[in-house]
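# Overview (structure and organization)
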Amino acid sequence: MIQQDNALSAAMTEKNHRKRALPDESPLVMNRHEVSEAGHRLNSSQQTMWFRLRTFVAQLFVFMVTAGLSTYGIREMYLVLNTNNITNLQIVFLVLFSINFLWVAFAFSQALLGFLLHLKPRLVKESEIDPSFKTAILLPIYNEDPLRIRATIEAMSADLIATAPGKYAFFILSDTNRANAWIAEEATFLALINKYQPECPVYYRRRHQNSERKAGNIGDWVQRWGGDYEAMIVLDADSIMSAKSMVTLSRRLAAAPGVGLIQTLPTLVFANTLYSRLQQFANQCFGPIYAAGLSAWHGLSSNFWGHNAIIRTRAFAESCHLPILPGKAPFGGHVLSHDFIEAALLRRAGWGVRFDTDIEASFEEAPPSLLDVMIRDRRWCQGNLQHSAFMFARGFSLPTRLHLLSGVMSYLSAIFWLALIMVGLAIAVQAAFIRPEYFANPSLFPTWPVFDSERALSLFVVSMAIVLAPKAFGWFAAMINIPRCLRFGGPILLTLSTLFEMVMSALYAPILMVSQFGVVLSIFRGKDSGWMPQSRDDGALSWIPVMRAHLGHTAFGVVLALTAMLLSKELFYWLLPITIGLMLSIPLSWLSGGARRTKWIKTIGLLRAPEEKKPVHILVELKANLAKMPHLQHMHPFSRLVNNPQLFTWHLAQLPDLDEQKPLFYAPRIIAEWKLEHAESLSQLESWLEPAEVIALLSKADYLQKLQTIGK
C-alpha cells in the first residue's frame, strides 16, 4: 500500500496554493432555518403609495376575475348536471370540474391583467443608482459541456470589461461528479483563470462533497466568499445575459436597499428542434403577457426561478439556509426545488422580492425534446410537491402561499384533469349500460338521468376561449407592435406560427398530462427522482427508446378512443382532442427532437422568434465563440493529466487541504490504492478502475504523483 506522508502533501499543497483558481475567503454565516418561523413586514420606506395602490388594484383585479369566472363556470356545470337530480358520480365530476376551472380562470385572470398592462406605455421606470459594491456572477454546473460554459463566460466578460470594468467577477461553481467531466472542465477553464484580471476575474471551484445539490453549491460559495460581494447574479449552465442587463440589475438593487432579489424574464433562444422551437415561440410571443400580469400582482412578494436573477448576498445568508424536511425522500430530506423556497424565506424575513420584466437580453435555452421535458418534470415534480410542507407554515405572506400552491398545482392538475376525464367516461358508461332507477327515491315522479346538452356546449365554448385567450392576447400584442411583429416574420407568419403552436401544444398536452400523472403517483409511492444533468444536445432519439417511453401512452389513448366510440359517436369526437395526441405520442415524440427532422419549419420561417431575425450582440458573440472553440479530444482523465504537465500542476493546486479529505475508511479509495500499487502501466490501471475509484485517485496529491510515475 502507498504510505501517506502528511508533511509532504501539506508542503505540496502550500507550494501550489498560489496557483489556485480562487480568491481569499471572506465568509458569511448561514444559520439553517425552520419550516415555520415568525414573519417580518416589508420595509415600508421601499413602497411608495402609488406602488402599494398599483399592487392592490392588480391583486383585486385577479381575485375578481378569477372569482367571477369560477362562479359562472361552476354554476353552469351544476345546471348542466342538475336538470332533474344530481347523482353521486355527477357530484364527483362537479368537484373535479370546479378545481380545474378555478385553476384555468386564475391563469386567465393573470394573462388578462398582463394584456391590459401591455396595451399602455410603461410610464414608471424602476429607480437606479450607481452601485458602490462588486457583484459576483455565479455559474453552478453539474456534468455540463465545459466548452459551452467557456464560450458564455468569454462573451459576457468581454462585454462587462467594455461596460463596467472592475465591478464583476465570475465564479464557476462545479458540482461535477464524473471524472471525465471534472478533468475536461479543468482543461477547458485553465485558459480562463486570471485571463481577465483585474477587470473581470474568473474563478473556478469544484466541491468534493456536493451535498444539498444546487442550493448547497450556492450556499457553499456564500459561506466562503460571500462577504466580499454585496450582490450575486445567479445563472444556469445555459444562461447568458448582456452586460447592460447585469449592470441594470446591480443599479436597481443598489437603489432599493429593502429588496433582496430581482428576477428577470429569461428569453428562450437557440432552439433548433420542433419542441424547443414551440417553447421558444410561446416564450417570446405569449410569455411577456403572463409575465406582466405576474409582476403586477406580485408586487414585492414575487418569486425566484433559480437563475437570471440578482440577489443581495447578506440577505440570502441571513434568510435562505433551507430547512431539512422531516422523513425520507421524496417528501423529506433536502428541498429539491430550492428557488421558490428561497424567495419565500427572503420575503418572510422582510426582504422584497421583485420581478422586473422590462430588463432585456436575459436568455436561456429550452429542453430539446418531449422526453427531455418529461425527465426534467420528474425532478421538478418532486421538488414542487415538497412545497406542500411550507404552504401552511407560519410566517409566509398570501402571495408566497399562492406561489407555492401554483408549483404544487402545476403537477397535481394532471391528476385532476385525468380524473375528470375518467369520471366523465364512467358517467357515460353508466348511462349506456346501467339501467336507470327512475324511482330510486320515494316520489310520484321519475328521476330521469338527463344532461342539458345546449348549456354544456356553451360552457365548453367558454372554457376553450378561456384556455386559448392568453395565446390570442400574445398574438394581438405582437401584431399591433409593428417592429416586433416584423421580427416574428410579419403578420402572416406570426398568425400561422400562433395557430401552429396552438395545434401542436394541444397534441402534446395530453401526453404530458398522462406522463405527469404517472410521475405524481410514483412520488406518492415513495420513489426518489435523483439528480441527473440536463440534456444540452438536440434530443434526437431512435424509434426504439421513443416507443419504449410512449407505448403506454399510445395504448391508453387507443383504449380511451375505442371505449368512447363504443358508447357514442358524439363522445368519441368530444374526447378526440385528448385521444389523438395520446395515440400519436410515438411519432410526435420522435419528431419533437432532432434538428434535422423538422428543419423545414425553420426554413419557411414558421415559429420564428425575434432573436432569430435580429439577434442582440451578446448572442452573436456567443455563437462566434462556440464556432472557434477548440475540439475537446475524448481522453481518459489520467491520460489527459499526465500528457499535460501544466494541467497536472494546476489540478494539484485545486485539490482541497488535508483536513478536508474524506474519512480514513473510504472503500473506493482503498481499492483504488491497491490497484495503483499493482498496475504495470497507465492503460492497465485505467482499465481496472471503477468510476468512484478514478475520482478517489484524482482527489489525492500523493496518488497523482505515483500516477505520473507509472505514466512515463
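Keep in mind it's a predicted model, so treat the numbers as computed, not measured.

### Side note on the side chain of Ser319
Within the secondary structure, Ser319 sits in helix H10 (residues 313-319). Judged by its relative accessible area of 3%, Ser319 is buried. At 2.8 Å, the side chain of Ser319 forms a polar contact with the backbone oxygen of Ala315. Leave out the neighbours within four places in its chain, and Ser319 touches His33, Leu345, Leu346, Ala349 and Trp351.

### A word on the pattern of salt bridges
Inspection of the entire model under this criterion finds 24 salt bridges. Here Arg348 ties to Glu37 by a salt bridge, and the two come within 3.6 Å at their closest N and O atoms. Here Glu37 lies in the loop between helix H1 (6-16) and helix H2 (49-81) and Arg348 lies in helix H11 (residues 338-348), a separation of 311 residues in the sequence. Taking the relative accessible area as the measure of exposure, Arg348 reaches 3% and is therefore buried. A salt bridge links Asp358 to Arg252, with the shortest nitrogen-to-oxygen separation between them at 2.7 Å. Highlighted residues: Asp358 in the loop between strand E9 (352-355) and strand E10 (362-364) and Arg252 in helix H7 (residues 243-255), separated in sequence by 106 residues. By sharing partners, the salt bridges in this structure join Glu126, Glu128, Asp130, Arg251, Arg252, Arg354, Asp356 and Asp358 into a single network.

### Some thoughts on helix H19 (residues 569-583)
An ideal rise of 1.5 Å per residue puts 21 Å on 15 residues; H19 reaches only 18 Å between its terminal C-alpha atoms. In the structure, H19 departs most strongly from a straight axis at Leu576, where the bend amounts to approximately 65 degrees and where the proline Pro577 lies between one and four residues downstream. Restricting attention to buried positions, one finds in H19 the residues Leu571, Phe572, Leu575, Thr579, Gly581 and Leu582. The secondary structure elements touched by the buried residues of H19 are helix H14 (398-433), helix H17 (491-524), helix H18 (543-567) and helix H20 (585-592).

### Quick look at the confidence of the model for the protein chain
Per-residue confidence for the protein chain gives a mean pLDDT of 90, with 92% of residues at or over 70. Predicted confidence for residues 1-18 stays below pLDDT 50, and this span has 26 contacts to residues more than four positions away or in other chains.

Cut-off values and rules
- Residues numbered from 1 in each chain as written.
- Predicted model: local features only at pLDDT ≥ 70, side-chain atom pairs only at ≥ 80, totals over all residues.
- Heavy atoms only, no water.
- Helix = DSSP H or I, 4+ residues; strand = E, 2+ residues; numbered from the N terminus.
- Buried < 20%, exposed > 50% of the residue type's maximum accessible area, 1.4 Å probe, protein only.
- Polar contact = N/O pair within 3.5 Å; in protein donor to acceptor, adjacent residues only side chain to side chain.
- Contact = heavy atoms within 4.5 Å.
- Salt bridge = Lys/Arg side-chain N within 4 Å of Asp/Glu carboxyl O.
- Expected span 1.5 Å × (residues − 1).
- Bend = angle between axes of the 7 residues up to and from the residue.
- pLDDT = per-residue confidence, 0-100.

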